[in-house]
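Spelled out from the first residue to the last, the chains are:
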Amino acid sequence: MDNNSQGSGGFKGGLGGIFGGGAPEYSNTELAGVPLTGMSPLSPYLNVDPRYLVQDTDEFILPTGASKTRGRFELAFFTIGGSCMTGAALGAINGLRMGLKETRDMTWSKPRNVQILNMVTRQGASWANSLGSVALLYSAFGVAIEKARGAEDDINTVAAGTLTGMLFKSASGLKGAARGGLVGLALSGAYAVYNNWDHLTGSSSSSRLY
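Source: prediction; values computed, not measured.

### A few points about the packing of aromatic side chains
A full pass over the atoms with the stated rule returns one aromatic pair. Judged by centre distance (5.4 Å) and plane angle (85 degrees), the rings of Phe73 and Phe77 are edge-to-face. In this pair, Phe73 and Phe77 are both assigned in helix H3 (residues 72-102), four residues apart and thus about one turn of the helix distant. Residue placement shows Arg112 over the ring face of Trp108; its charged tip is 4.0 Å from the ring centre.

Now the structure itself:
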């Protein structure tokens, strides 16, 4: 028995010398709290401290003072581009519908195809321009209000939506600007409620428990 234990000890020591020294020994209590979910079992011959595998903090590399979420200025590019693409797609569908309706008395020929294609491109460009302008105004107001207030919350969203509707319909006069402001207020308010729906429902359910 002594020879066997010495032989096994020598064998482990030899492997430890080959792979960079003797591996540290840990008790079962120390190894019990090491999570191995999603990893293959550790080899007993690897010279790795399992306690270093425990990650208690997020591994994000961010500039000093930067936030983990994108601000309004970063989201403005996505908002404007997405609005233009969405407007172009919806306008193209509307142009196709209008083109087919206006040329329903014509036979399928090259003039009809050209007329439908012109309607599709015209409506697509018009809708893309309109939605892109709205997104640009909303993003500009949102960034300006955030910089002025020094805070980022739903007040900025509602205020930016209201001012966007007023300015977008300002060419229609005071009544048009008022209607546009109400539409912008309704849409931005609905978005703010949707964005905080989990928080609102959670707070209401917790208040009912008490």
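There is more to say after this.
### Notes on the packing of helix H5 (residues 154-168) against helix H6 (residues 173-195)
One can describe the packing of H5 onto H6 by two numbers: an axis separation of 6 Å at closest approach and a directional angle of 155 degrees. The angle between H5 and H6 falls in the class roughly antiparallel. Both H5 and H6 take part in a crossing whose hand is right-handed. The residues of H6 that touch H5, namely those facing Asp154, Thr157, Val158, Gly161, Thr162, Gly165 and Met166, are Ala177, Gly180, Gly181, Gly184, Leu185, Ser188, Gly189, Tyr191, Ala192 and Asn195. Taken together, the residues of the contact of H5 with H6 break down into six nonpolar, 10 polar and one charged.

### A closer look at the UniProt feature "transmembrane region" (unreviewed entry) in the chain
The feature "transmembrane region" (unreviewed entry), as annotated in UniProt, sits at residues 75-96 in this numbering. Between the first and last C-alpha atoms of residues 75-96 the distance is 31 Å; the span itself is 100% helix and 0% strand.

### Details of the packing of helix H4 (residues 110-149) against H5
Remark: H4 packs on H5, axes separated minimally by 8 Å, with the N-to-C direction vectors making an angle of 135 degrees. Taken together, the axes of H4 and H5 are oblique relative to one another. As H4 runs across H5, the sense of the crossing is right-handed. Each of Ser130, Ser133, Val134, Leu137, Tyr138, Phe141, Gly142, Ile145, Glu146 and Arg149 in H4 lies in contact with H5, whose residues at this interface are Ile155, Asn156, Thr157, Ala159, Ala160, Gly161, Leu163, Thr164, Leu167 and Phe168. Here the contact of H4 with H5 is composed, by residue class, of 11 nonpolar, seven polar and two charged.

### With respect to H5
In this model H5 runs 21 Å from its N-terminal to its C-terminal C-alpha over 15 residues, within 8% of the 21 Å that 1.5 Å per residue would give. Within the sequence span of H5, burial applies to Asn156, Thr157, Ala160, Gly161, Thr162, Thr164 and Gly165.

Cut-offs used in this document
Residues numbered from 1 in each chain as written. Predicted model: local features only at pLDDT ≥ 70, side-chain atom pairs only at ≥ 80, totals over all residues. Heavy atoms only, no water. Phe/Tyr/Trp six-rings, centres within 6.5 Å; stacked < 30°, edge-to-face > 60°. Helix = DSSP H or I, 4+ residues; strand = E, 2+ residues; numbered from the N terminus. Lys NZ or Arg CZ within 6 Å of the ring centre and 35° of its normal. Axes fitted to C-alpha atoms, helices over the stretch in contact; angles between N-to-C directions. Parallel < 35°, antiparallel > 145°, perpendicular 65-115°, else oblique. Left-handed = near helix turned anticlockwise from the far one by under 90°. Contact = heavy atoms within 4.5 Å. Nonpolar A, V, L, I, M, F, W, Y, C, P; charged D, E, K, R; others polar. UniProt positions renumbered as here; feature names shortened; annotations may be inferred. Expected span 1.5 Å × (residues − 1). Buried < 20%, exposed > 50% of the residue type's maximum accessible area, 1.4 Å probe, protein only.

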